[in-house]
Amino acid sequence: MKAYLFIPFLPLAAFIINILFGRSLIRDKAHWFSCAAIIGSFIAAVITAMDVMHGKIINEDLYTWIIAGSFKVSVGFLIDQLTAVMLIVVTGVGSLIFIYSIGYMHGDKGYYRFFSYLSLFVFFMLMLVMGNNFIMLYLGWEGVGLCSYFLIGFFFDKKAAADAGKKAFIVNRFGDFGFALGVFMIFLTFGTVDYVPVFAQVKNIAGQTINLLGYEVNLVTLIALLLFCGAVGKSAQIPLHVWLPDAMEGPTPVSALIHAATMVTAGVFMVARCNAIFNLSPVAMNVVAVVGAVTSLFAATIAVVQNDIKRIIAYSTLSHLGMMFVACGVGAYAAGVFHLYTHAFFKALLFLAAGSVIHAVHHNDIQRMGGLKKYMPITYITMFIAALSAGGVPGLAGFFSKDEIIWSAFASGSSVGTFVWIIVTAVAFFTPFYSFRMIFLTFHGKFRGTHHEEHHLHESPSVITIPLIILAAGAIGVGWFGIPTVLGGGAHFAEFLKPVVGHPEFHGTHAQEFAIMGLSTSIAVTGLVIAAIFYLVKTGIPVMLARNFSVIYRILFNKYYVDELYHYILIKPTLWVANSFIGAITDARIIEGIVNGVPKAIGRFAEALRKVQTGLAQHYAIIMAAGVMIIIMLMLW
Amino acid sequence: MILSTVVFAIGVFGFLSRRNIIIIFMSIELMLNAVNINLISLSHYLQDMRGQILAFFVIAVAAAEAAIGLAIVIALFRNKATAHVDEIHEMKG
């Protein structure tokens, strides 16, 4: 038995036990199995990661899954430095979120269901990061999408939640379609779907073109863009970002685990994993960087005016995911994965702290909160740390990773690099601004809800606060593995990942790096200070700005009307076709015609045949005798 | 052989033409016995015992059939108060 196999299969076992016996036997003890399983797999992950640190990289096929002609897929695992990082993030942050869920979901009638799906999600996520071929990646990819659907629609009796689940699933279809095509192209080109031979051979096809609808297209670019299409869906980048904010209808631990720390980062993981393909296609790299940068700015500006505490954090997630893609797009995959890693901690913390707040006030609207500082000190402090980390305040985890990305963008030297550098620097202003707007509106000032609500305010139980405290420690400390060399650190993180993702070429001096760092830090601090002025000192300013720039405000508040745009250009025509064409002609005439016509014809035939059955035994006997006569005559002929 | 053919033909004719269920029964017995005569005579011609063995089986089956058939006829007569087959058409489709 190989130790690393415990990592994915313990959560799977917990899922099976809970889903089979949860309703009748286990009920409110479901967390025992799930939490034990994920903590077990965390321990196994730590052991495996230690092995990887000592240079032991696992790549083996365990079982042949599919053989069809030359197409062969194995259930195989590849555990290298990149996987090790993901394993620690998924199981480590996952464990804390599981423990938190015990308190948060307490007393819910779907308690066992929640833990089953959460365990199943972790299983698929681990398969996604551990697989050694594209089909395993795809298996995990679809599996986490399915669990995401289950968990967003967890409160399925609420229409908004059920709709959000469907929306997430359908929007992801668009991305996954491209991703599947990408995998097909890889198989057609290389004749295999295993990572190692594909990445080894990819150099041989550089510059080859393929005829696509009459255009000569660069093969590598095509594959890279198709794969990126999947990443756009899963990691909620423009134009497929619309599902993530709605996904906030799910329970808060789900938002923290799936829609902040793990699943949405699968796109970044995949791009980093396929760096050999992306590196050969400057076009695809530029697309990745630009899409990331645009999403990052786009989401950050929306987050500034939203009032739903979870949606603010969701847009913040979009923004940070965009930054990770920026890093990948300029070739600094290590920086992107580093940001993924720190982001998992501080964003999970933001979500869980927000969940703790929601647990106390029972709604999501920050305009009806305020002054919670004195009721919920632990939540306040931990969320404050998370916001500092997310905002990129020096010394905390988020600072190092974000700075690494900004510097990589600048130092890549290309014009696209400079373009995304400007955007990301602008985002560095918005991130602390909206984070602290949220903190100040939630925790400072006077409580703006009803007296009844104020009466019920309380700090959450320790099963909720302890994970918050541990994550807060993470949000401060996990960045110290990757302190850049100019600040006297060893950049251990980038060194660790170097065998997998390589190291980008930087064109810049240490002095420039300091200047960039100083610039982005001062911009971040400016954002923080402006948030403090707006929402602590002169609280009239935001109202006045919203009134004077009401057009901009309304555009931002309505999220650039992207949902409305999709509604008119995609959903309306689809529904029209569905109702007036498919509904009226295909369904009513063709399908129902066949379905109803066949039984009707059989019925008529049977009606005619019925008359033969008179019920008189002698009639049958005559027919039989006649039959015998005929046979005898035929034989004697 | 001619005897058996004649007996069989009488049986078939009786089975098809009479309305009384008891007569129909007797016709069936006639047909079975015609078959028996046939079997035994062929057995004699061919010097093979198998035909006679089969004839015994047929007699045994005919006895069982007569017992069950008569029981059914009695049950039917109690319910319907008739022995005419053309008045029994519960199985009409």
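Before reading further, recall that the structure is shown in the block above.
Residues numbered from 1 in each chain as written. Chains lettered and ligands numbered in written order. Predicted model: local features only at pLDDT ≥ 70, side-chain atom pairs only at ≥ 80, totals over all residues. Heavy atoms only, no water.

Student: Requested: an account of the overall build of chain B, with residues and values cited.
Tutor: A tally of helices and strands in chain B yields 3 helices and 0 strands. Shown N-terminal to C-terminal, the secondary structure of chain B runs as helices and strands in the order α-α-α. A compact globule built from 93 residues would reach a C-alpha radius of gyration of about 12 Å, whereas chain B, at 16 Å, exceeds it by more than 25%. The C-alpha extent of chain B, read off along each of the three principal axes, is 50 × 25 × 25 Å. Residue burial in chain B is summarised as follows: out of 93 residues, 26% are buried. Expressed as a percentage of contacts within chain B between residues at least 6 apart in sequence, the contacts between residues at least 24 apart total 56%. Summing over all exposed atoms, chain B offers an accessible surface of approximately 6,500 Å²; the carbon and sulfur share of this is 74%. For chain B, the distance from the average position of its 6 positive side-chain charges to the average position of its 6 negative side-chain charges is 5 Å. (Helix = DSSP H or I, 4+ residues; strand = E, 2+ residues; numbered from the N terminus. Rg over C-alpha atoms; globule rule 2.2 N^0.38 Å. Buried < 20%, exposed > 50% of the residue type's maximum accessible area, 1.4 Å probe, protein only. Contact = heavy atoms within 4.5 Å. Areas by Shrake-Rupley, 256 points an atom, 1.4 Å probe, with all protein chains shown as cover. Lys, Arg positive; Asp, Glu negative; His and termini not counted. Charge placed at Lys NZ, Arg CZ, Asp CG, Glu CD.)

Student: Tell me about the pattern of salt bridges, and please be specific about residues and values.
Tutor: The tally for this structure, following the rule as stated, stands at 14 salt bridges over all chains. A salt bridge links Arg311 of chain A to Glu249 of chain A, with the shortest nitrogen-to-oxygen separation between them at 3.9 Å. With Arg311 of chain A in helix α14 (residues 309–329) and Glu249 of chain A in the loop between α9 (243–246) and α10 (252–261), this residue pair connects regions lying 62 residues apart in the sequence. The same class applies to Arg311 of chain A as to Glu249 of chain A, namely buried. One salt bridge in this structure joins Arg50 of chain B and Asp48 of chain B, with 3.1 Å as the shortest N-O distance. Judged by relative accessible area, Arg50 of chain B falls into the exposed class, the value being 62%. The exposure class of Asp48 of chain B is partly exposed, given its relative accessible area of 27%. One network of salt bridges, with partners in common, ties together Lys158, Lys167, Asp246, Glu249, Arg311 and Asp563 of chain A. (Salt bridge = Lys/Arg side-chain N within 4 Å of Asp/Glu carboxyl O.)

Student: Could you give an account of the side chain of Asp176 of chain A, naming the residues involved and the relevant values?
Tutor: Looking at where Asp176 of chain A falls in the secondary structure, it is placed in helix α6 (residues 159–190). Residues contacting Asp176 of chain A, with those up to four places away along its chain left out, are Tyr138, Trp141 and Glu142 of chain A.

Student: Any details on the packing of helix α18 (residues 415–443) of chain A against helix α22 (residues 510–537) of chain A? Residues and values, ideally.
Tutor: Residue and element names in this part refer to chain A. In the contact formed by α18 and α22, the axes pass within 8 Å of each other and the chain directions differ by 30°. In terms of their interaxial angle, α18 and α22 are classed as roughly parallel. Note on packing geometry: the crossing formed by α18 with α22 is right-handed. Here the contact of α18 with α22 is composed, by residue class, of 19 nonpolar, 4 polar and 1 charged. (Axes fitted to C-alpha atoms, helices over the stretch in contact; angles between N-to-C directions. Parallel < 35°, antiparallel > 145°, perpendicular 65-115°, else oblique. Left-handed = near helix turned anticlockwise from the far one by under 90°. Nonpolar A, V, L, I, M, F, W, Y, C, P; charged D, E, K, R; others polar.)

Student: So, the pairing of strand β4 (residues 215–218) of chain A: which residues are in play, and what are the values?
Tutor: All names here are of chain A. One ladder, built from 4 bridges, connects strand β3 (residues 209–212) with β4; its direction is antiparallel. Its bridge partner being in β4, Leu212 is matched across the sheet by Tyr215. From the end of β3 to the start of β4, which pair antiparallel, there are 2 residues, and Leu213 there has a positive phi angle of about 55°. (Pairing = 2+ DSSP bridges.)

Student: Can you break down the side chain of Ser520 of chain A residue by residue, with the values?
Tutor: Residue and element names in this part refer to chain A. If you trace the backbone, Ser520 turns up in helix α22. Given the relative accessible area of 6%, Ser520 is considered buried. The contacts of Ser520, once residues within four sequence positions are left out, are Asp403, Ile406 and Ala428.

Student: Can you explain the environment of Gly14 of chain B? Please cite residues and give values.
Tutor: In this fold, Gly14 of chain B is placed in helix α1 (residues 2–17). Taking the C-alpha atoms as reference points, Gly14 of chain B and Phe25 of chain B, separated by 11 residues in sequence, lie 9.2 Å from one another.

Student: Help me get a handle on the packing of aromatic side chains, residues and values and all.
Tutor: Residue and element names in this part refer to chain A. Within the structure shown, the criterion is met by 36 aromatic pairs over all chains. When the ring of Tyr100 is compared with that of Tyr104, the centres are 5.7 Å apart and the planes differ by 15°; the resulting orientation is stacked. Highlighted residues: Tyr100 and Tyr104, both in helix α3 (residues 81–104), separated by 4 residues, approximately one helical turn. Note on accessibility: Tyr100 and Tyr104 belong to one class, buried. On the basis of an interplanar angle of 55° and a centroid distance of 6.2 Å, the ring pair of Phe433 and Tyr535 is categorised as tilted. Note that Phe433 is positioned in helix α18 and Tyr535 in helix α22, a separation of 102 residues in sequence. Through a chain of ring-to-ring contacts, three or more aromatic side chains come together here, namely Phe98, Tyr111, Phe114, Phe115, Phe154 and Phe155. Lying across the ring of Phe169, Arg173 places its NZ or CZ 4.6 Å from the centre. (Phe/Tyr/Trp six-rings, centres within 6.5 Å; stacked < 30°, edge-to-face > 60°. Lys NZ or Arg CZ within 6 Å of the ring centre and 35° of its normal.)

Student: Explain the state of the cysteines residue by residue, including any values.
Tutor: Residues and elements named next belong to chain A. Taken as a whole and assessed by the stated rule, the structure comprises 0 disulfides over all chains. The thiol of Cys229 is not disulfide-bonded; the next cysteine sulfur, from Cys274, is found 14 Å away. Of the residues examined, Cys229 reaches a relative accessible area of 27% and is grouped as partly exposed. No disulfide involves Cys328; its sulfur sits 11 Å from that of Cys274, the nearest cysteine. (Disulfide = S-S within 2.5 Å.)

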